[in-house]
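# Chains, contacts and geometry: an overview
In case you want the letters, here they are:
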Amino acid sequence: MAPNKNQSIFEKNFRKVPVLIFLIFFIIGILIADIFEINLFVLLIISSIIFGLSFFKFIKQHDYIFILIIVVAGMLRLIISEEIISEKRKIVSISDTVTVQITKMNTNPYFIKSYNCNIYFDNKSFKSVLRLKNNNRILAVGKEYIMTNLKSELIKPQNNPFIYDYKRFMEIEGITHSSATTKNSQVQEKQIYNPILYYSQQIKQNISSKIISVYGIKKGSLINGFFLGLKKEIPTTLSDSFKNLGISHLLAVSGLHVGFIVLLFYQLFVFLSIPKKIRIISMLFLMIGYCYIIGFSASIVRASLMTGFYLLSPLFNRKNNALNSVAIAGLIILLWNPMTFFNVSFQFSFSAVLGIILIYSRLKKIIKFRPDNKFIEYIYNLILVSFCATLATAPLSIYYFGVFNTLAIFINIVFIPLTFLVLSAIIFTLPFLYFTKFPAIFFINGLDAIISLFLKTLQTANNYSFWTVHLSENKTIVIVGILLVIIIILFKRSKFRRYLVSFLIIITIIITIWNKQDEVIIFSLKSGKSVLIKNGENSVLINTGDNSYYNNDFEMIIKPIMDKLAIKKITVIMTKISGDRAYNLDKVFHNYKVKNIYSPEKINFISDEKVSIIKKDSTVKIGKLEYNLAKSTYYGKGLLNVSVNLHNKNLLIYEHNLPKLKNNTIIVSNAKKLDLKELPKNSKIIFVNKRGKSQNDNEYNLNGEKAKRYKLVGKKWISMF
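Below or above, wherever it landed, is the structure these notes cover. What you are looking at is a predicted structure, and each value in this text was computed from that prediction instead of being measured.

### A word on the overall build of the protein chain
Per the secondary structure count, the protein chain includes 21 helices and 24 strands. Scaling as 2.2 N^0.38, a compact globule of 721 residues should have a C-alpha radius of gyration of about 27 Å, and the protein chain matches this with 29 Å. Projected onto its principal axes, the C-alpha positions of the protein chain cover 90 × 70 × 55 Å. When each of the 721 residues of the protein chain is scored for burial, the buried share is 48%. Summarising the internal contacts of the protein chain: among those between residues at least 6 apart in sequence, 62% fall at separations of at least 24.

Listed below in structure tokens is the structure:
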């Protein structure tokens, strides 16, 4: 079939890239398996249905069976991966003596935090994070050790919604356990189990140490971040400057860095008149060598695969098609580890690359601007490429971080060329770091001057705060708006565009209505109890969590959730003035507009005019809801039992002197035991810390379990977490 002249560049390319179609439906399969938690038995039923459909002539003629098979393949690959992880998580104890293979060293600017490793014992194995306690020795990546008296436990899941899920992040890398040496542990070196990994790490550490010794911590760590990807070793104040400007991607060795290195050597080889085939083969070996020095990290392998396929296509008389390269690289990565799709870095890098390939080519056709001046053309193309990458990654940035880099386009105009200049200087200076005479001094001082220029530019840019916009509400509308812009750019007037736009509008309406529903979150905390009730514009926080040297419930759990729910104004009710209830009040005042505080007694560190002291049983109306505050005392301390009726269900946050209970009551308590002859009809008890003991099917202990999150829709409480 001849292509339609009215087709967009995107549609024409899409027809030429069957691997991209395969990749899209493979990813759909991964998402379906993850969202609906499909197991092998369910997948077998789905496969049987597809097999049955294959006998229908209509289905055969429209390639639906092929599409369904690809989707099932994606589902199967994720299920297999999750089954392997599930089997590893069944290991709850280890032998007294184990074999440990070190695969990665995790550092910060000042010390080694931990190691990633493989642990073997009794024909069993799992991947773990390893921390050395009371032991100053340094373990080498690629080496194998015998260890005794190692303490190991499963990495626990995140129990509260919207919070960074460390367990999920580690499982993407196949890591299921956290291990640590004890005071009785012995560590004995055995052998080098992986020479490639061992010697690459030795080279990397040698280069890193040399750079730090020549340029110091600040400049040296920045050079290491650019060239070796050691961004975790960069001091916090410096890395925060990158975050504030939305250019942290410059420190993550990725496609940008690989592209710069390929571009640099390509131009050098052209200048030296090296034949095309030799140029391509030489650059492939350079990429492999760079991957080797970096240590074959996921991001560098991903970028090298994409670039490698793009470079190789002319050798096989295939037309260069960047979409082919991206699709093949993505498919290989997801076939190897389908959980990589849930890695934010993976999503950002592929979105940026696809944005540049698809949107850039389309905009070049729409904007008929052809400057004669080469410098103006360079700046114009840089602006356009930066805009395309920013536009493509904006929905992810808003969704994950609530940040929109409004002026990232102009920031990148400055910092991308500077990064190219820094990388070029690093590559040319690297051989001279081990010499002290001319011309080594010339190169070393030249790199120092370029790094100083970069830092000065970074400092100047950070003096202004308008580079990024923090979005706390209407995020869905902004994301959909950006997606609509992308669709309008990519597609000309076609049915497909109308279908996409209609679908997005419907989804936006549904999500907007859903987000406006009342919500209740009973937090899972280490001690105390805290409940958030979101009722339209009137939100109530009951207790503010613990604040100790090692733990801050408000900053680590409560605030991130409130920000995700776009809460700006809050009313606070304190059930008790104690460390695990009230000592975060100052932080609440600092971050939100506090309408009022209801407390059973005076709060010494808060001015009296901001606190309403409840001296007797009272009812206060906040928005459309009435909160019953029952005053009590225990050992001379004032207490409040708080109850509120939400959609025909009564929520009681209990402290002391249990009131007469109604049917349909949820009791939130941290008492050791509640003496109830019987629980009212359709009621349940949620214990919120270690003292709570489950006694029957209607009692739940949140210690080590998920928080309770409910959407209040109509007359129903819909459990969300």
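### Regarding the sheet that holds strand 10 (residues 518-522)
Sheet architecture is open: 8 strands sit in the order 15-14-13-12-11-10-23-24, paired in mixed fashion. The sheet terminates laterally at strand 15 (611-613) and strand 24 (716-719), the two strands that pair on one side only. Within the sheet, the average angular offset between the axes of one strand and its neighbour, ignoring direction, is 20 degrees. As paired strands, strand 13 (residues 569-573) and strand 14 (residues 593-599) are joined by 5 bridges and run parallel to one another. Residue Lys569 lies in a different strand from strand 14, and its bridge partner there is Lys593.

### Some thoughts on the pairing of strand 6 (residues 175-180)
The element strand 6 is extensively covered by neighbouring structure, given that 5 of its 6 residues are classed as buried. In terms of strand pairing, strand 3 (residues 124-131) meets strand 6 through 5 bridges, oriented parallel. Within the sheet, the bridge partner assigned to Ser128 lies in strand 6 and is His177. Across 4 bridges, strand 5 (residues 151-154) lies against strand 6 in antiparallel orientation.

### Examining the environment of Ile597
Looking at the element boundaries, Ile597 is found in strand 14. Separated by 42 residues in sequence, Ile597 and Leu639 place their C-alpha atoms 14 Å apart. Residues contacting Ile597, with those up to four places away along its chain left out, are Val572, Met574, Leu585, Phe589, Ile603, Ile606, Lys610, Val611 and Ser612.

### Regarding helix 12 (residues 322-336)
Look at helix 12: 21 Å from first C-alpha to last across 15 residues, which is about the 21 Å you get at 1.5 Å a residue. Taken as a whole, helix 12 has its buried residues at Leu323, Asn324, Ser325, Val326, Ala327, Ala329, Gly330, Leu331, Ile333 and Leu334.

### Some remarks on the sheet that holds strand 4 (residues 143-148)
Taken in spatial order, the 7 strands make up an open sheet running 5-6-3-2-1-4-7, and their pairing is mixed. Strands at the two margins of the open sheet, each flanked by one partner only, are strand 5 and strand 7 (187-192). Across this sheet, the average inter-strand angle for adjacent strands is 35 degrees, counted without regard to direction. Where strand 1 (residues 97-107) and strand 4 come together, 5 bridges link them in antiparallel fashion. Within the sheet, the bridge partner assigned to Val98 lies in strand 4 and is Met147. Packed onto the sheet, helix 5 (residues 64-89) meets strand 3, strand 5 and strand 6 and runs at close to 30 degrees relative to strand 6.

### Details of the pattern of salt bridges
Overall, the coordinates contain 11 salt bridges when judged by the stated rule. Between Glu189 and Lys143 there is a salt bridge; the shortest N-O distance is 2.7 Å. Of the two residues, Glu189 is situated in strand 7 and Lys143 in strand 4; the sequence distance between them amounts to 46 residues. Residue classification places Glu189 among the partly exposed residues on the basis of a relative accessible area of 41%. Given a relative accessible area of 12%, Lys143 falls into the buried group. One salt bridge in this structure joins Lys529 and Glu655, with 3.2 Å as the shortest N-O distance. In this pair, Lys529 sits in the loop between strand 10 and strand 11 (531-535) while Glu655 sits in the loop between strand 19 (649-653) and strand 20 (665-669), placing the two residues 126 residues apart along the sequence.

### Examining unusual backbone geometry
Look at Asp122: it is not a glycine, yet its phi comes out positive at around 45 degrees. Mapped onto the secondary structure, Asp122 falls in the loop between strand 2 (112-121) and strand 3. Exposure remark for Asp122: the relative accessible area of 57% places this residue in the exposed category. In this model, Asn682 sits at a positive phi of 60 degrees, which is unusual for a non-glycine residue.

### As for a positive patch on the surface
Residues Lys104, Lys113, Arg131, Lys133, Lys151, Lys231, Lys232 and Lys243 make up a contiguous surface patch of positive charge. Looking at the element boundaries, Lys113 is found in strand 2.

### Comments concerning the packing of helix 2 (residues 18-35) against helix 5
The geometry of helix 2 relative to helix 5 is characterised by a closest axis approach of 7 Å and an angle of 50 degrees between their N-to-C directions. With respect to helix 5, the element helix 2 is oriented oblique. As helix 2 packs across helix 5, the resulting crossing turns out to be right-handed. Every residue of helix 5 that contacts helix 2 at Phe22, Phe25, Phe26, Ile28, Gly29, Ile30, Ile32, Ala33 and Asp34 is listed here: Phe66, Ile67, Ile70, Val71, Ala73, Gly74, Met75, Arg77, Leu78, Ile79 and Glu82. A breakdown of the residues in the contact of helix 2 with helix 5 according to their chemical character gives 15 nonpolar, 2 polar and 3 charged.

### Some remarks on the packing of aromatic side chains
In the structure shown here, the tally under the stated rule is 21 aromatic pairs. Taken together, a centroid distance of 4.9 Å and an interplanar angle of 80 degrees make the contact between Tyr198 and Tyr199 edge-to-face. Tyr199 gets classed as partly exposed once you look at its relative accessible area, which sits at 43%. Centre to centre, the rings of Phe226 and Phe454 are 5.1 Å apart; their planes meet at 80 degrees, and the pair counts as edge-to-face. Note that Phe226 is positioned in helix 7 (residues 195-228) and Phe454 in helix 16 (residues 440-462), a separation of 228 residues in sequence. With respect to burial, Phe226 and Phe454 carry one shared label: buried. Through a chain of ring-to-ring contacts, three or more aromatic side chains come together here, namely Phe226, Phe242, Phe415 and Phe454. Taking NZ or CZ as reference, Arg168 lies 4.4 Å from the ring centre of Phe342, over its face. One cation-aromatic arrangement involves Lys564 over Tyr399; the distance from NZ or CZ to the ring centre is 5.8 Å.

Rules of the game
- Residues numbered from 1 in each chain as written.
- Predicted model: local features only at pLDDT ≥ 70, side-chain atom pairs only at ≥ 80, totals over all residues.
- Heavy atoms only, no water.
- Helix = DSSP H or I, 4+ residues; strand = E, 2+ residues; numbered from the N terminus.
- Rg over C-alpha atoms; globule rule 2.2 N^0.38 Å.
- Buried < 20%, exposed > 50% of the residue type's maximum accessible area, 1.4 Å probe, protein only.
- Contact = heavy atoms within 4.5 Å.
- Pairing = 2+ DSSP bridges.
- Axes fitted to C-alpha atoms, helices over the stretch in contact; angles between N-to-C directions.
- Expected span 1.5 Å × (residues − 1).
- Salt bridge = Lys/Arg side-chain N within 4 Å of Asp/Glu carboxyl O.
- Patch = residues over 30% accessible without salt bridge, like charges linked within 9 Å, V, L, I, M, F, W, Y side chains within 5 Å.
- Areas by Shrake-Rupley, 256 points an atom, 1.4 Å probe, with all protein chains shown as cover.
- Lys, Arg positive; Asp, Glu negative; His and termini not counted.
- Charge placed at Lys NZ, Arg CZ, Asp CG, Glu CD.
- Parallel < 35°, antiparallel > 145°, perpendicular 65-115°, else oblique.
- Left-handed = near helix turned anticlockwise from the far one by under 90°.
- Nonpolar A, V, L, I, M, F, W, Y, C, P; charged D, E, K, R; others polar.
- Phe/Tyr/Trp six-rings, centres within 6.5 Å; stacked < 30°, edge-to-face > 60°.
- Lys NZ or Arg CZ within 6 Å of the ring centre and 35° of its normal.

The values reported here are purely geometric and, on their own, carry no functional implication.
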